[in-house]
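Coordinates in review
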Amino acid sequence: MAQGLLGIEALSREEIQAILDRAKYFQPREGQSFRKYDLLRDRMVVNLFFETSTRTRTSFEIAAKRLGADSVSITASASSVSKGESLVDTLNTLAAMRPNAIIMRHAASGAPHFLQRYLEIPIINAGDGTHEHPTQALLDARTILDRGAKLEGLRVAIIGDIAHSRVARSNVYLLSKFGANIVLCGPASLLPEALKNIASGVTLTTNMAEAIRDADVIMMLRVQLERQHEPGFSASEYFQFYGLRLEHLKLARPDAIVMHPGPINRGREISSEAADSQRSVILNQVENGISVRMAVLERVMSGKKTDGATAH
Amino acid sequence: MAQLLIKNGRVIDPASHHDGVADVWIEDGVIKGVGVSLPTAGSEVFDATGLIVAPGFIDMHVHLREPGFEHAETIESGSRAAAAGGFTSVCPMPNTKPVNDNATVTSYMIEKARRHAVVNVFPIGAITKGSAGEELAAIGSMKQAGAVAISDDGRPVMNARVMRRAMEFARSLGIPVINHCEDLHLSAGGDMHEGAESVRLGLRGIPGCSEDVMVARDILLAEVTGARYHVAHISSRHSVEMVQFAKTRGLAVTAEATPHHLALADRDMKPYDSNYKMKPPLRGSCDVTAVLEGIVNGAIDAIATDHAPHPGSEKMQEFESCPFGILGLETAIGISLEQLVHPGKIGIGRLVELFTTGPARILGLDRGTLAPGAPADVTIFSADHEWTYDVNKSFSKSRNSPFDGKTFKGGPVATVVAGEVVWRG
């Protein structure tokens with residue numbers, strides 16, 4: 001059976017730790033770019049994006065190239081999807097070209113899980129609908145750990161459109177496995193009650209101040225306008241109640257960090273001042289995206305398990 | 001004279017309060033009598049020793065897809081699947097293409113069935129033209145052509161005034177109104193039951209309340225109009241409570257449950273496997289418990305399969321793109337025995353009622369009994385033999401079942417329609 005990466009939920013704490021350790025190894029030295037390896041020489045990976053993406057796709061491409069793999073990127077508009085081909089047929093066709101893995105983003109929750117049942121080739125989930133975005137959670141964890149913190153006992157506030165967020169789900173699964181306290185916060189219509197049952201250590205609140213109080217990590221989410229199928233908040237109303245501003249940061253711990261998976265909408269869910277503040281690690285997240293994805297690609301494509309302790 | 005003697009089975013006929021080992025004597029498509037050691041001379045004999053012999057089972061809720069979607073099912077293939085599931089009568093819903101909203105389509109279906117079907121087919125007509133929910137369909141002429149009820153199954157009547165008029169008209173014609181209860185504004189875009197599982201899987205939810213608000217509305221309208229009103233595929237615990245409440249108020253309100261809603265909850269579904277995608281969706285465990293309880297206490301009157309074939313090309317897609325519905329005819333008895341009889345919730349007699357007198361009374365059909373003079377429709381089944389469902393051997397043209405590979409204890413053995421053995425396992 002193919003060993004891809006479909007989600008965080010199915011991973012063990014040890015598997016996650018191994019990826020995070022290996023990602024640290026791939027991090028660039030101060031002031032330098034990512035080192036080039038030939039760990040995946042002769043390997044090929046296809047980036048198949050059925051949703052637009054700049055950062056995730058670029059990040060995967062760079063990660064593949066830094067490991068020495070060939071990387072091909074396809075976006076839905078350029079593929080045969082528009083010609084009415086089914087998803088299974090599209091994937092089978094690509095699989096016949098013998099890549100070693102397919103990285104896939106799709107607007108339908110579970111699309112890669114569904115495909116993996118029919119395909120031998122490992123699939124790496126680069127975001128499926130409103131379900132999971134595993135590499136985002138891994139890079140977020142890497143970023144938190146880089147601050148010297150331990151995940152256990154950490155208070156992490158995730159704020160915004162939780163209902164439609166694959167970033168939130170993957171982060172909840174990951175942080176919960178490591179014993180963090182997770183506070184999910186957003187307007188009631190975007191914060192289903194059942195969220196508190198999907199993992200341990202999760203609490204819910206519709207009050208932003210309550211969520212941020214004593215938080216070690218404040219993770220803001222983008223308002224997913226494209227996934228909301230009903231009238232939502234007006235932009236100004238949303239920002240008033242769920243937009244992160246500098247005054248909120250006083251409620252958090254003094255060393256709290258502000259995270260955002262991007263792309264950020266300044267003035268919508270985060271003020272410019274908060275996004276650019278000293279607390280913001282948004283660009284560190286982007287950078288860690290590459291080292292985490294290098295670790296994931298190596299794990300999936302090299303045929304051997306990553307082991308941060310001995311791989312040096 | 002064509003004669004058939006079904007010998008030595010345990011004959012259960014709830015309508016005539018019969019339960020005991022006996023023979024059933026059939027002549028020219030009609031039940032001649034039930035008795036002990038009837039003479040065999042000149043008859044074809046079916047030895048039913050160790051088996052249960054019951055009036056022919058009626059599935060009041062199926063989709064035969066003809067006309068319009070013959071790639072998924074035809075009246076003939078669906079009828080063969082029905083026979084293999086122990087059903088002697090089925091009621092196809094009107095969501096064909098064209099919609100069965102006039103006597104021409106009703107007559108077409110009946111004529112097709114007369115020529116090709118191996119079981120009885122009693123079509124259900126649409127409530128509104130094109131099942132669009134606006135203008136009443138030609139209900140009277142469909143009834144004259146042979147429609148036994150009206151329903152816009154799959155496309156619930158959202159306009160309460162239209163529903164009220166339909167109920168008034170149906171009452172005057174003496175036929176029941178069947179509704180697929182789902183407030184489309186509340187369920188919009190949903191793919192599975194709204195709850196922890198939908199949140200976990202990132203799929204949009206169909207809340208239980210989308211069913212409940214329409215059941216509540218319809219019960220109130222049934223009281224206003226005096227209509228016979230039937231809740232299709234009831235799945236939510238509050239809906240079961242409300243149907244029970246309507247019954248205690250003396251209203252002519254009935255309900256059916258599907259086998260899959262007895263057997264599976266949302267947490268049982270294989271993630272993103274469209275063989276678990278149907279409407280109403282597999283609900284929470286407490287809803288499953290309530291539906292089972294509703295069968296035990298009589299709130300629910302019938303078991304109906306909502307047999308909904310879809311070809312592989314449609315079901316093999318991303319979950320949210322797949323159509324709703326699963327096969328049901330061939331596994332109904334096996335699942336019902338497993339969920340209701342084997343755990344001791346109900347006796348086999350009550351099970352037979354749910355498949356015979358239950359639907360027959362709701363629809364006003366002159367069937368569901370082995371009384372002398374009744375049409376000789378007989379379902380012969382076992383309550384204990386083990387068998388495994390292989391969907392690839394299904395008589396249906398489609399393969400969308402979550403029960404493929406499942407082993408059952410008890411199931412259909414032979415099906416007799418109008419005195420002819422139309423299927424034998």
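Bear in mind the structure is a predicted one, so any value in this text is a computation, not a measurement.

Rules behind the numbers
Residues numbered from 1 in each chain as written. Chains lettered and ligands numbered in written order. Predicted model: local features only at pLDDT ≥ 70, side-chain atom pairs only at ≥ 80, totals over all residues. Helix = DSSP H or I, 4+ residues; strand = E, 2+ residues; numbered from the N terminus. Rg over C-alpha atoms; globule rule 2.2 N^0.38 Å. Buried ≥ 20, exposed ≤ 12 C-beta atoms within 10 Å, placed from the backbone. Contact = placed C-beta atoms within 7 Å. Domains from an automatic or database assignment. Nonpolar A, V, L, I, M, F, W, Y, C, P; charged D, E, K, R; others polar. Pairing = 2+ DSSP bridges. Core = buried A, V, L, I, M, F, W, Y, C linked by C-beta atoms within 7 Å. Axes fitted to C-alpha atoms, helices over the stretch in contact; angles between N-to-C directions. pLDDT = per-residue confidence, 0-100.

Observations concerning the overall build of chain B
The helix and strand tally for chain B stands at 14 helices and 18 strands. For 425 residues, the compact-globule estimate of 2.2 N^0.38 gives 22 Å, and chain B sits close to it at 20 Å. Viewed in the frame of its principal axes, chain B has a C-alpha envelope of about 65 × 45 × 45 Å. In chain B, which comprises 425 residues, the share counted as buried stands at 62%. Look at the contacts in chain B between residues 6 or more apart in sequence, and 76% of them connect residues 24 or more apart.

Here's the deal with the domain arrangement of chain B
All names here are of chain B. Along its sequence, chain B is organised into domain 1 (3-52 + 375-424) and domain 2 (56-363). Between the C-alpha centres of domain 1 and domain 2 there is a distance of 25 Å. Counting residues at the interface gives 30 residues for domain 1 and 42 residues for domain 2. At the level of secondary structure, the elements contributing two or more residues to the side of domain 1 that touches domain 2 comprise β16 (378-388), β17 (407-417) and β18 (420-424). With 7 residues, the top contributor of residues to the side of domain 1 that touches domain 2 is β17. Taken together, the residues that form the side of domain 1 that touches domain 2 break down as 16 nonpolar, 9 polar and 5 charged.

Considerations on the sheet that holds strand β8 (residues 120-121) of chain B
Residue and element names in this part refer to chain B. As summarised here, the arrangement of the 3 strands in space is β6-β7-β8, forming an open sheet in which the pairing is parallel. The strands lining the two open edges of the sheet, one partner per strand, are β6 (57-62) and β8. Relative to β8, strand β7 (residues 87-92) runs parallel, the two sharing 2 bridges. In the sheet register, V90 faces β8, and the bridge partner there is V121.

A word on the nonpolar core
Ranked by internal contacts, the top residues of the largest apolar core, which has 124 residues, are V24(B), V53(B), I150(B), V243(B) and V291(B). Looking at this core, you find at least three residues from each of domain 1 (3-52 + 375-424) and domain 2 (56-363) of chain B. The residues contacting V243(B), other than those within four sequence positions of it, are V215(B), V231(B), I234(B), V253(B), A255(B) and A299(B). In terms of nonpolar packing, the next biggest core, distinct from the first, is built from 98 residues, L249(A), A295(A), V300(A) and M301(A) among them.

Some thoughts on the sheet that holds strand β15 (residues 302-303) of chain B
All names here are of chain B. Sheet architecture is open: 5 strands sit in the order β9-β10-β13-β14-β15, paired in parallel fashion. Because the sheet does not close on itself, it has two edges, and the strands there are β9 (150-151) and β15. Relative to strand β10 (residues 177-179), β9 runs parallel, the two sharing 2 bridges. The partner of I150 across the bridge, within β10, is V177. On top of the sheet, helix α8 (residues 237-248) reaches β13 (229-231) and β14 (253-257); it is set at about 150 degrees to β14, its chief contact.

Focus on the domain arrangement of chain A
Partitioning chain A into structural domains gives domain 1 (13-133 + 286-301) and domain 2 (148-280). Contributing elements (two or more residues each) for the side of domain 1 of chain A that touches domain 2 of chain A: α1 (13-26) and β4 (123-128) of chain A.

Here's the deal with the confidence of the model for chain A
For chain A, the average pLDDT comes to 91, and 92% of its residues sit at 70 or higher. The model gives residues 304-312 of chain A a pLDDT under 50, and that stretch makes 17 contacts with residues more than four places away or in other chains.

Digging into unusual backbone geometry
At the junction of G262(A) and P263(A), the peptide bond is cis and its omega measures out at -5 degrees in the coordinates. Secondary-structure assignment places P263(A) in the loop between β9 (257-259) and α10 (272-275). Of note, the amide linkage connecting E66(B) to P67(B) takes the cis form, showing an omega dihedral of 5 degrees. By secondary structure assignment, the location of P67(B) is in the loop between β6 and α1 (75-84).

What about the environment of I198(A)?
Relative to the helices and strands, I198(A) is located in the loop between β6 (181-185) and β7 (202-205). It is 12 Å that separates the C-alpha atoms of I198(A) and L175(A), two residues lying 23 residues apart in sequence. With sequence-adjacent residues up to four places away left out, I198(A) is seen in contact with V172(A), A196(B), V199(B) and R200(B).

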